[in-house]
Amino acid sequence: MIGAALREGVHGARANAGPLTLAVLLHVVVGAVLVLSSGVNAANPQDMPGPGEQHQPIQAVVVKNSDYQAAQASIRKAHQARQQQVERLKHQAAQARKERERTQHELDELRKKKESAASEAAQQQKKVQSQKQQLNDLNAQAQQVAHKRQQVQDELKKLKQQAAEAEKQRAAEQAHLKKVRQQTEQAKKAAAQARKEQMQQQMATEQHQQLDKARGNWVAAIRQKVTRSWIRPPDAPSGLDCKVKITQSPDGHVEGAAMQACNGDQAVQQSIITAVYKASPLPTPDDPDVFSRVIVFEFAPDQS
Amino acid sequence: MNRNALRTLDMKHLCGVAAIAGLLALAGCQTAPKTGPGAAASGTRNAAASASTAGAETTGMGSGQSLSGSGSQKPQAGPESSYENRTVYFDFDKSVVKSDYFPMLKKQAQYLSDHSDARVLLEGYTDDRGTWEYNIGLGARRAAAVRQFLLLQGVDAGQLKTISYGEAYPANSADNPKAWAKNRRVVIKYLKPGSNS
Amino acid sequence: MRMKSLLPLALLGAIAVATTARADLVIKITQGVSQPTPIAVVPFAWKGGGSAPVNVANVIGSDLARSGLFAALPVSKMLARPSSGDDVNFTNWKAVNVNDLVVGAVSPASAGGAVRMRFQLFNVYTQKQLLGYQLPVHDGNLRFAAHNAADMIYQKLTGRRGAFATRVAYIRHVKSTGHGRWELIVSDSDGADAQVVVKAPDLLMSPAWSPDGSRIAYVEFENHESHIYVQNVQTGQRKLVLSHPGVNGAPAFSPDGHRLAVALSTDPGNTDIYVLNLVSGKLRQLTHASAIDTEPAWMPDGKSLIFTSDRGGSPQLYRMPARSGADPQRITWNGTYNARASVSPDGKSVALVHRDNGSLRIAVLDLATGNIRELTNGPSDLSPSFAPNGAMVLYTTSAGGNRVLATVSVDGRVREQLSGGAGALSQPAWGPFPQGLAATPSGGGQ
């Protein structure tokens, strides 16, 4: 137990490098041992009043001599044992003191070693650091150089590009110029062409409109005349739808009429055929171009 | 159409009809008065006609039971009673006997009750505003209404006969409301005892 | 750029013009004129001595005009008088604006032969012959042959069967002395050729034709009683069929000719509809209401009757099954007086007397819709009777203080008075189509 405590103490000393701590520890241990051993003795006897303490009178007890002798003998044994113990403990303490000194010495040695090692390490570190530093410097330098070279290269590239662009632009401008010249030429031609076409188109549209108008008037006149000529049978069915195709001569005379499809009875059909003939001669158009020889009349009175 | 056949029938019929007409004229049966003043008719018919067109008939003080037909005083009931005492007039499209006619009808009922062999024909008429056959029905309803009244007065059903002429034989063929009112009527016509006329 | 967008348009325009040039020009006609068709019926040539017994062209022209669908050109306006197609110059007829032309001739009876009539119908504008017939004239009845021709022309031009070669029956009351006399007359549909078939000193009423036109039922009053007779028109023989006490009236033959619907009052003042089986003599009462139920008219299928009843308070038309009379349904809801039904041949409408503001008018009730359409103006138009082709209605009206017969086209457009003669005319009944055509075509038509 004490050995363990010592070892612990040494460990602690090594760790903290404190001989003071070790001494304290030893004293504590010894003191503990002493206390413990006195404690062993104090466990057995009865409580005996100390000096000056007032106690109740003790009853006198007759004691046998044999018992007294025996008791004395045991006390003497115990005292001896205790003496021996004390000797032993002293010895142990001396041993422990020696041990302590030895370890202390070892510790000092170790400390010294450690210090020298530390200083060496420090020195080494310094060396490494300075080397690192050198390396860094070199690197930095190299970087700078490279950087510079890159810069130079970049500039060179840039200059080349610029030159190329300048060249390109020049070429483009020239092409553009050429194109513009061409376009201007074309535009002039196209404008002339378009003007020509527009005039033609306008003429055509006007003609077309005039034709439409003429046709419209003509159709309206025909429709009116046929309407007036058709006597619609009063009981013709709703939904009547009859188509009759007529052909006419240029002066509007109806030459022939043929019923194409008719959903009315014979009397209704007759009324329709009569109507288209009665309307003959049909009105002629103002513009002969709209004239159509064939007309299909669709009689559908319920679809307005 | 065989015209000859028709003509033959015509003649036969005409002869027969002429005979009957003659008999009627001789018998002096009363029929409905004809239109217009001075309408030619025979015997009592004529008198009745002119009486009706002449206007209101004065009623005598007597009970009208006299059969002698003295002077201008006619009895108020019975075969000798005046046309107006035998005629019930009706409102347009109605067949209800108005209370105005109750006294007159009661007198006729009394006569009939007193003379069990007397028989009357109740002739129902309408104005001409409406269709022929519907007016026959309306005239019949009017005649039935008068009949019903007389029955309720205790007259024996066997003494009562009805017929409807509808709009035929108007009392006044003018075309105005006054004339129409004169046509909507039931005429109590006393029949010759033992005959249908 | 504007120039660029115009180019495709120009192309399209060119294409459009080309297309219209190839397709036919279609002109839609959505209206016509609604007026009578102008027709010229040229006076028929008479191949005998003196003047023709009947002015055939006049009969035909008047018939066509009375229908409301034709306007006959006055003879004075005719530029020529052809009697056969060979003589026709269509320019003359276009000049007077007629659509159709009728020409013909009548040949008197040659030895052993009959009077013959020939006619042709042309369309003035197509110049085509539409009809051409040669008709034998039965019993020398040239007038009837003329009506036949009018029917054929009417049918060709309208598609509807003509009803000119038919007869009508009516009552005439001549007031001379006393009651005057009553006559039941049968005449042509235009009022001409009147024949008295019954003459009586007392009231005659309600003539009714049998469906085959051989008999007429009517009411005759005698001895203060009313009777119902059925008389054979040809022979004049008659049979008394009903003589109940009270009302006996309004006879109407069923479409099969076996039954007679009548109005009788078994109960004084209560007139009801009965059906008499003419074969078995059985009499069945159909109405029982204490109302005036009268004027029965048969539906063309013979299964139901339309009649007048005032069970609702005023005269209205009702309809009930002819077998049972169960559950009469009121069918007129306009106005306070609707009576005297005449059912159209197609069973879809009913001509009736309808009172409008006190004025009695002829109207037509559409059975499907319940709509009433007035055909005349009154104030006292009565006794409507449908023509057997359903195109016209015969009725009585007042003219110059007299009661006369008139016809009105079913569209209400044309009204015309019939020639009548003296006396007050009433209660006309239009007879059926003649059984079997009197004229057999020996020529051809198109």
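Structural notes, computed from the coordinates. (Residues numbered from 1 in each chain as written. Chains lettered and ligands numbered in written order. Predicted model: local features only at pLDDT ≥ 70, side-chain atom pairs only at ≥ 80, totals over all residues. Heavy atoms only, no water.)

Time to look at the overall build of chain A. Assigned secondary structure in chain A consists of four helices and three strands. Starting at the N terminus and walking to the C terminus, you meet the elements of chain A as α-α-α-β-β-α-β. Buried positions account for 20% of the 304 residues belonging to chain A. A separation of at least 24 residues holds for 70% of the contacts in chain A among residues at least 6 apart in sequence. Surface accessibility of chain A: about 23,200 Å² in total, with carbon and sulfur atoms responsible for 54%. (Helix = DSSP H or I, 4+ residues; strand = E, 2+ residues; numbered from the N terminus. Buried < 20%, exposed > 50% of the residue type's maximum accessible area, 1.4 Å probe, protein only. Contact = heavy atoms within 4.5 Å. Areas by Shrake-Rupley, 256 points an atom, 1.4 Å probe, with all protein chains shown as cover.)

Here the focus is the interface of chain A and chain C. Taken together, the contact pairs 39 residues of chain A with 33 residues of chain C. Interface area for chain A against chain C, summed over the two sides, is near 3,200 Å², with a carbon-plus-sulfur share of 60%. Of all residues in chain A, A:Gln201, A:Ile231 and A:Lys278 give up the largest surface area on contact with chain C, accounting jointly for 18% of the area buried on that side. Across the contact surface, chain A and chain C share one salt bridge. Put simply, A:Lys245 and C:Asp24 hold a salt bridge, and the shortest N to O gap is 3.4 Å. Viewed at the interface, chain C and chain A are joined by twelve residue pairs in polar contact (both at pLDDT 80 or more). When residues of the side of chain A that touches chain C are traced back to their parent elements, those giving at least two are α3 (65–229), α4 (266–278) and β3 (294–299) of chain A. Broken down by element, the side of chain A that touches chain C gets its largest block of residues, 14 residues, from α3(A). Among the residues forming the side of chain A that touches chain C, the class breakdown is 20 nonpolar, ten polar and nine charged. Note that β3(A) and strand β1 (residues 25–29) of chain C share five bridges and pair parallel. Residue pairing across strands places A:Phe297 opposite C:Ile27, the latter belonging to β1(C). (Buried area = accessible area lost by both parts, 1.4 Å probe. Salt bridge = Lys/Arg side-chain N within 4 Å of Asp/Glu carboxyl O. Polar contact = N/O pair within 3.5 Å; in protein donor to acceptor, adjacent residues only side chain to side chain. Nonpolar A, V, L, I, M, F, W, Y, C, P; charged D, E, K, R; others polar. Pairing = 2+ DSSP bridges.)

Before going further, it helps to examine the interface of chain C and chain B. Interface size is commonly expressed as the accessible area that is lost once the parts come together. Chain C puts 50 residues into the contact, and the matching count from chain B is 41 residues. Carbon and sulfur atoms make up 60% of the surface buried where chain C meets chain B, a total of about 4,000 Å² over both sides. Taken together, chain C and chain B are joined by two salt bridges. Here C:Asp310 and B:Arg141 are joined by a salt bridge, their closest N and O atoms 2.8 Å apart.

As a further point, take the nonpolar core. With 67 residues, the main nonpolar core has B:Leu105, B:Val146, C:Leu184, C:Leu203 and C:Leu260 as its most contacted residues. It is helix α4 (residues 132–152) of chain B that contributes the most residues to this core, seven residues altogether. With residues up to four places along the chain from it excluded, the contact list for B:Val146 reads B:Val88, B:Phe90, B:Val97, B:Leu105, B:Leu122 and B:Val186. C:Val56, C:Phe70, C:Phe164 and C:Leu405 belong to the second largest nonpolar core, which has 45 residues in total. (Core = buried A, V, L, I, M, F, W, Y, C linked by side-chain atoms within 4.5 Å.)

This part is about the packing of helix α2 (residues 56–66) of chain C against helix α4 (residues 142–158) of chain C. Residues and elements named next belong to chain C. Running from amino to carboxyl end, α2 crosses α4 at an angle of 45°, the nearest separation of the two axes being 9 Å. In this view, α2 runs oblique relative to α4, as classed from their interaxial angle. When you trace α2 past α4, the crossing you get is right-handed. The segment α2 lies against α4, with Val-56, Val-59, Ile-60, Asp-63 and Leu-64 engaging Leu-142, Arg-143, Ala-146, His-147, Ala-149, Ala-150, Ile-153 and Tyr-154. (Axes fitted to C-alpha atoms, helices over the stretch in contact; angles between N-to-C directions. Parallel < 35°, antiparallel > 145°, perpendicular 65-115°, else oblique. Left-handed = near helix turned anticlockwise from the far one by under 90°.)

With that settled, consider the packing of helix α3 (residues 102–114) of chain B against α4(B). All names here are of chain B. Contact geometry for α3 and α4: axes closest at 9 Å, N-to-C directions at 60°. By crossing handedness, the relation of α3 to α4 is classed as right-handed. Across from Phe-102, Leu-105, Lys-106 and Ala-109 in α3, the residues of α4 making contact are Val-146, Phe-149 and Leu-150. Residue composition of the contact of α3 with α4, grouped by class: six nonpolar, no polar and one charged.

Looking now at the sheet that holds strand β19 (residues 293–298) of chain C. Each strand in a sheet pairs with another by means of backbone hydrogen bonds, the pair being arranged parallel or else antiparallel. All names here are of chain C. The antiparallel open sheet is built from four strands, whose spatial order is β19-β20-β21-β22. In this open sheet, the two edge strands, each paired with only one partner strand, are β19 and β22 (329–330). Pairing analysis gives six bridges linking strand β20 (residues 304–309) to strand β21 (residues 316–321), with the strands arranged antiparallel. Among the inter-strand pairings, Leu-305 is bridged to a residue of β21, identified as Met-320.

Residues and elements named next belong to chain A. With 13 residues, α4 should cover 18 Å at 1.5 Å per step; its first-to-last C-alpha distance of 18 Å lies within 8% of that length. Here α4 lies mainly inside the structure; eleven of its 13 residues are buried. If you check which residues of α4 are buried, you get Ala-267, Val-268, Gln-270, Ser-271, Ile-272, Ile-273, Thr-274, Ala-275, Val-276, Tyr-277 and Lys-278. Two to three positions downstream of the cap, the backbone nitrogen of Ala-267 sits 3.2 Å from a side-chain oxygen, assigning the N-cap of α4 to Asp-265. (Expected span 1.5 Å × (residues − 1).)

Residues and elements named next belong to chain B. Judged by pairing direction, the sheet is mixed, and its four strands sit side by side in the order β1-β4-β2-β3 without closing on themselves. Of all strands in the sheet, those with a lone pairing partner are β1 (87–89) and β3 (160–166), marking the two edges. Between one strand axis and the next, the sheet turns through 20° on average, direction left out of account. Sheet analysis places strand β2 (residues 119–125) next to strand β4 (residues 185–191), joined by six bridges and oriented antiparallel. Each residue of the ladder has a partner; that of Glu-123, found in β4, is Val-187.

Residue and element names in this part refer to chain C. Within strand β12 (residues 215–222), six of the eight residues are buried, which leaves the element mostly enclosed by the surrounding structure. Hairpin remark: strand β11 (residues 204–209) followed by β12, antiparallel, with five residues in the connecting loop; positive phi at Gly-213, about 75°. Bridge analysis of β12 against strand β13 (residues 225–232) gives eight bridges, and the strand direction is antiparallel. Across the sheet, the residue bridging to Phe-221 is Ser-226, located in β13. Where β12 hands over to β13, the hairpin turn is made up of two residues, of which Asn-223 adopts a positive phi near 50°.

Between A:Ser280 and A:Pro281 the backbone carries a cis peptide bond, its omega angle lying at -5°. Assignment of secondary structure puts A:Pro281 in the loop between α4 and β3. For the bond running from C:Gly378 to C:Pro379, omega is 10°, close enough to zero to count as cis. Checked against the element boundaries, C:Pro379 lands in the loop between β26 (372–374) and β27 (382–386). Of note in the backbone geometry, C:Gln127 takes a positive phi value of approximately 60° without being a glycine. Position of C:Gln127 among the secondary structure elements: in the loop between β6 (116–123) and β7 (129–136). Even without glycine at this site, C:Asp327 takes up a positive phi of about 55°. Note on placement: C:Asp327 falls in the loop between β21 and β22.

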